[in-house]
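The chain contents come next:
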Amino acid sequence: MGFSGNPAVAAAEGSGIAFRVVEHGPVRSLAEAAAARGVAVPDVVKTIVVRVGDGDYRFVLVPGDRVISWPKLRALLGVNRLSMPDAATARDATGYERGTITPFGSTTAWPVIADERILGREITLGGGRHGVALAVDAGAAVEVLRATVADVSEVEFPS
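### Observations regarding the overall build of the protein
Helix and strand counts for the protein come out as five helices and nine strands. The linear arrangement of helices and strands in the protein, starting from the amino end, is α-β-α-β-β-β-α-α-β-β-β-α-β-β. The C-alpha radius of gyration of the protein comes to 15 Å, within 12% of the 15 Å expected for a compact globule of 159 residues. Taken along the three principal axes of its C-alpha coordinates, the protein extends 45 × 35 × 30 Å. Here the protein, with 159 residues, has 45% of them falling under the buried criterion. For the protein, the share of sequence-separated contacts (at least 6 apart) that also reach a separation of at least 24 residues comes to 60%. Accessible area of the protein: about 7800 Å², with a carbon and sulfur share of 51%.

Given below as structure tokens:
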């Protein structure tokens, strides 16, 4: 399968970052995605679109084994309210379907916030199409995306 017409791959190429394209079949869970990509679950980094205000969004990069900490994210952004747009709104804001979203090649270059736990490892991000991921060094991705690095996540099911 070629990657022509995939804005995520084109944007990664244009950024000068070293990356690999990882192709895999359909996956139904994060664990399946990790297995298909040959990485640990935390290295399947979720790109979550968060609505800050009307027509104002952020990309939040969160390790696969964690979720956004809404109190931490609100404090970082200095806002009282954040929401997650529905799938159609997220697609309008990014050009990508849910499950394929990545900051690379988004129709609008929304600011990126990366959870500090992704640093120091190779991560995989959505690749703009189902079954496609971009494997990149997290530090290099943070640099080219000019991401704000902060503690914005928590364990999904604290014990």
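### Details of the pattern of salt bridges
According to the stated counting rule, one finds nine salt bridges in the structure shown. One salt bridge in this structure joins aspartate 56 and arginine 58, with 2.7 Å as the shortest N-O distance. Look at aspartate 56 and you get partly exposed, because its relative accessible area is 26%. With relative accessibility at 16%, the residue arginine 58 sits in the buried group. Across the pair aspartate 115 and arginine 117 runs a salt bridge whose closest N-O atoms are separated by 3.0 Å.

### Topic: the environment of glycine 14
Within the secondary structure layout, glycine 14 lies in helix H1 (residues 7-15). Residue class for glycine 14 comes out exposed when judged on its relative accessible area of 67%. Through-space distance from the C-alpha of glycine 14 to that of valine 144 is 10 Å; in sequence the pair is 130 residues apart.

### Concerning the sheet that holds strand S5 (residues 112-115)
Ordered in space as S2-S3-S5-S8, the four strands form an open sheet in which the pairing is mixed. Edge positions in the open sheet fall to strand S2 (46-53) and strand S8 (148-150), since each of these has one partner strand only. Taken pair by pair, the neighbouring strands of this sheet meet at an average axis angle of 25°, ignoring direction. Bridge count for strand S3 (residues 56-62) against S5 is three bridges, and the pairing is parallel. The residue bridging phenylalanine 59 from the neighbouring strand is valine 112, located in S5.

### Structural notes on the sheet that holds strand S7 (residues 132-137)
Within the open sheet, the three strands sit side by side as S1-S7-S6. Their pairing is antiparallel. At either end of the open sheet lies a strand with only one pairing partner, and these are strand S1 (19-23) and strand S6 (122-126). Between one strand axis and the next, the sheet turns through 30° on average, direction left out of account. Here S1 pairs with S7 via five bridges, running antiparallel. Along S7, the bridge assignment pairs arginine 20 with alanine 135. Packed onto the sheet, H1 meets S1 and S7 and runs at close to 165° relative to S1.

### What about the packing of aromatic side chains?
Evaluated as defined, the whole model comprises one aromatic pair. Each ring, one from tyrosine 57 and one from tryptophan 110, has its centre 5.2 Å from the other, and the planes form 70°; the classification is edge-to-face. With tyrosine 57 in strand S3 and tryptophan 110 in the loop between helix H4 (87-94) and S5, this residue pair connects regions lying 53 residues apart in the sequence. Here the two residues tyrosine 57 and tryptophan 110 agree in accessibility, since each one is buried.

Basis of the calculations
- Residues numbered from 1 in each chain as written.
- Predicted model: local features only at pLDDT ≥ 70, side-chain atom pairs only at ≥ 80, totals over all residues.
- Heavy atoms only, no water.
- Helix = DSSP H or I, 4+ residues; strand = E, 2+ residues; numbered from the N terminus.
- Rg over C-alpha atoms; globule rule 2.2 N^0.38 Å.
- Buried < 20%, exposed > 50% of the residue type's maximum accessible area, 1.4 Å probe, protein only.
- Contact = heavy atoms within 4.5 Å.
- Areas by Shrake-Rupley, 256 points an atom, 1.4 Å probe, with all protein chains shown as cover.
- Salt bridge = Lys/Arg side-chain N within 4 Å of Asp/Glu carboxyl O.
- Pairing = 2+ DSSP bridges.
- Axes fitted to C-alpha atoms, helices over the stretch in contact; angles between N-to-C directions.
- Phe/Tyr/Trp six-rings, centres within 6.5 Å; stacked < 30°, edge-to-face > 60°.

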